[in-house]
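An overview of the molecular structure
Here is how the chains run, residue by residue.
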Amino acid sequence: MDWTILLVMFGSFAVMLFLSIPISFAIGISTLLTISMSMTWDHALTVVTQKMATGLDNFALLAIPFFILAGNIMNRGGIAIRLIALAKILGAKLPGSLFHCNVLANMMFGSISGSAVASAAAVGGIMSPLQKKEGYDPALCAAVNITSCPTGLLIPPSNTLIVYSLVSGGTSISALFLAGYLPGILMGLGIMIVAFIMAKRNNYSVEPSPKLKEIVMKTLDAIPSLLLIVIVIGGIIGGIFTATEASAIAVVYTLILAMVFYKEVTFKELPAIILESTITTAIVLLLIGASSGMSWAMANADIPYMIQDMLNNISENPTVIMLVITITLLVIGTFMDMTPAVLIFTPIFLPIAMDLGIDPVHFGILMTFNLCIGICTPPVGSALFIGCSIGEVSINKVLKPIIPFFVMLIATLLLVTFIPEISLILPKLFLNYSPI
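This section reports on the structure supplied with the text. This structure is a prediction, so every number in the text was calculated from the model and none was measured.

**Let's talk about the overall build of the chain**
When its secondary structure is counted, the chain shows 20 helices and zero strands. Here the C-alpha atoms of the chain give a radius of gyration of 22 Å, agreeing with the 22 Å that 2.2 N^0.38 yields for 436 residues. By its C-alpha atoms, the chain is 70 × 50 × 45 Å across when sized along the principal axes. For the chain, the residues scored as buried account for 55% of the 436 residues in total. Counting contacts in the chain only where the partners sit at least 6 residues apart, residues at least 24 apart contribute 80% of the total. A total accessible area of about 18,200 Å² is found for the chain, and carbon and sulfur atoms account for 69% of it. The centroid of the 17 positive side-chain charges in the chain is displaced by 21 Å from the centroid of its 20 negative side-chain charges.

Here's what the structure looks like:
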């Protein structure tokens, strides 16, 4: 096996990232350089363009622009305010209730919007002034918001899981969606446990109990937003429509909700929302196309087998190998966003995991969970930067209070990693899914 190819691919890719070249171009150029080592330049160009086109020729990819559009409509439709009102009721009896409200709102809004950054901005923007008014530590508040905003990337519908399904060779999107529920909820509960301990230590008060009328009104106001998840997941599980069809239904539902029911979005705003969604979709699809070329180049050069041999030289113990993969993904997540990380490293690590007897649905959840932690960490953590900006605190001040949350997140990750049933029980129960 020629390790020169591995060094050229990832060495050139790392250099281009260091030079701040857009990641899609970095992937495409490093792929071209790698392929050109075994064929002429013209032939390499032809192969790369063919693989990019083939990678995008997939009906299931339609789900991504539709879910992006639905999320952007929901972001503009006053959904966050209503979900926060419901979350305040659910967490009112706990010490540091505004912490728990923040976590619960991020879990609900993140799952609907499909974006950790949007969740951190929307929920954090509303919660931060309320928390400051009640005397909460701004750095601690920012830590809670930052570490809880990625929970919605595990709780479906999730574009990250759709991307994983495509790049992993067609792993069931329905099974992945169901598999994400319990790990996502555990992730949120873990953060709430740490927040509870911090609130007790700082003697934060409990919110006054809301009146019955307020509970009923705010619950009824939030139910239409939460129904999106019920419609999408219920329809998929019931076999009424596919995940791709569900994404189109989500757009229609969110339009009706935002424009007719809540009346927060007008016809004049639609062009801007569609343009924003189109730009985001173009970025994601360019990444997918470029990564399809890289995946072919890696397979052609036997790179997954090289890395598997390297891991086997470290240990033949499956537990040790999974720990090495987990640590590697945690490191990758600190300097790379989720979508490119999933696209590049799934073809490398999934075959290794499957050889160890890890189910592809379970591995998809593990990979997503790992990378969720990464977007909360420096140097490239998008959720970290947005959370600090919204909370009006410096990153240096957040680093110390955020450490206990990271410890809990890693503990929860290890729990999900080594107890596969946490991920697989719902797909087995509702879809009769048979793990490998």
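Now that the structure has been shown, the text picks up again.
**Focus: unusual backbone geometry**
Leaving glycine aside, a negative phi is the common case for residues, and trans is the common case for peptide bonds. Omega for the bond connecting P156 with P157 falls within 30 degrees of zero, at 0 degrees, which places this linkage in the cis form. On the secondary structure map, P157 appears in the loop between α8 (138-148) and α9 (159-167). For E392, which is not glycine, the phi torsion reads 55 degrees and is therefore positive.

**Concerning the environment of K263**
Secondary-structure assignment places K263 in the loop between α12 (243-261) and α13 (270-300). The exposed category is assigned to K263, whose relative accessible area is 66%. Each C-alpha atom, one on K263 and one on G77, is 7.6 Å from the other, the two residues being 186 residues apart in sequence.

**Description of a nonpolar patch on the surface**
On the surface, F25, I29, L33, W41, L45 and L286 cluster together to form a nonpolar patch covering roughly 540 Å² of accessible area. Breaking the nonpolar patch down by element, the ones donating at least two residues are α2 (23-35) and α3 (41-56). Per element, the largest residue contribution to the nonpolar patch is three residues, and it comes from α2. Within the fold, L286 resides in helix α13.

**Details of the packing of aromatic side chains**
With the rule as written, the count across this model stands at four aromatic pairs. Relative to F345, the ring of F10 has its centre 6.3 Å away and its plane inclined at 15 degrees; by these criteria the two rings are stacked. Of this pair, F10 sits in helix α1 (residues 3-18) while F345 sits in helix α16 (residues 338-355), placing them 335 residues apart in sequence. With relative accessibility at 11%, the residue F345 sits in the buried group.

**Considerations on helix α5 (residues 79-90)**
Helix length check: α5, at twelve residues, gives a terminal C-alpha distance of 17 Å against a target of 16 Å (1.5 Å per residue), a fit within 8%. Burial of α5 is extensive: nine of the twelve residues sit out of reach of the surface. Among the residues of α5, those classed as buried are I79, A80, R82, L83, I84, A85, L86, A87 and I89. Elements that come into contact with the buried residues of α5 comprise α4 (63-76), α6 (97-113), α7 (116-133), α11 (212-237) and α12.

**With respect to the nonpolar core**
Taken as a class, soluble globular proteins show a tendency for nonpolar side chains to be buried jointly. Of all hydrophobic cores here, the largest spans 148 residues; its most connected members are F99, I325, F349, F363 and V398. With 14 residues, helix α10 (residues 173-201) is the largest single contributor of residues to this core. Among all residues touching I325, those that are not within four sequence positions of it are L311, F349, I352 and F363.

**What to know about the packing of α9 against helix α17 (residues 360-374)**
Relative placement of two packed helices is described by the angle separating their axes and the distance separating the axes. One can describe the packing of α9 onto α17 by two numbers: an axis separation of 10 Å at closest approach and a directional angle of 135 degrees. Classed by the angle they form, the pair α9 and α17 counts as oblique. Handedness of the α9/α17 crossing: right-handed. Listed contacts from α17 to T160, L161 and Y164 of α9 are P360, F363, G364, I365, M367 and T368.

Scoring rules and cut-offs
- Residues numbered from 1 in each chain as written.
- Predicted model: local features only at pLDDT ≥ 70, side-chain atom pairs only at ≥ 80, totals over all residues.
- Heavy atoms only, no water.
- Helix = DSSP H or I, 4+ residues; strand = E, 2+ residues; numbered from the N terminus.
- Rg over C-alpha atoms; globule rule 2.2 N^0.38 Å.
- Buried < 20%, exposed > 50% of the residue type's maximum accessible area, 1.4 Å probe, protein only.
- Contact = heavy atoms within 4.5 Å.
- Areas by Shrake-Rupley, 256 points an atom, 1.4 Å probe, with all protein chains shown as cover.
- Lys, Arg positive; Asp, Glu negative; His and termini not counted.
- Charge placed at Lys NZ, Arg CZ, Asp CG, Glu CD.
- Patch = residues over 30% accessible without salt bridge, like charges linked within 9 Å, V, L, I, M, F, W, Y side chains within 5 Å.
- Salt bridge = Lys/Arg side-chain N within 4 Å of Asp/Glu carboxyl O.
- Phe/Tyr/Trp six-rings, centres within 6.5 Å; stacked < 30°, edge-to-face > 60°.
- Expected span 1.5 Å × (residues − 1).
- Core = buried A, V, L, I, M, F, W, Y, C linked by side-chain atoms within 4.5 Å.
- Axes fitted to C-alpha atoms, helices over the stretch in contact; angles between N-to-C directions.
- Parallel < 35°, antiparallel > 145°, perpendicular 65-115°, else oblique.
- Left-handed = near helix turned anticlockwise from the far one by under 90°.

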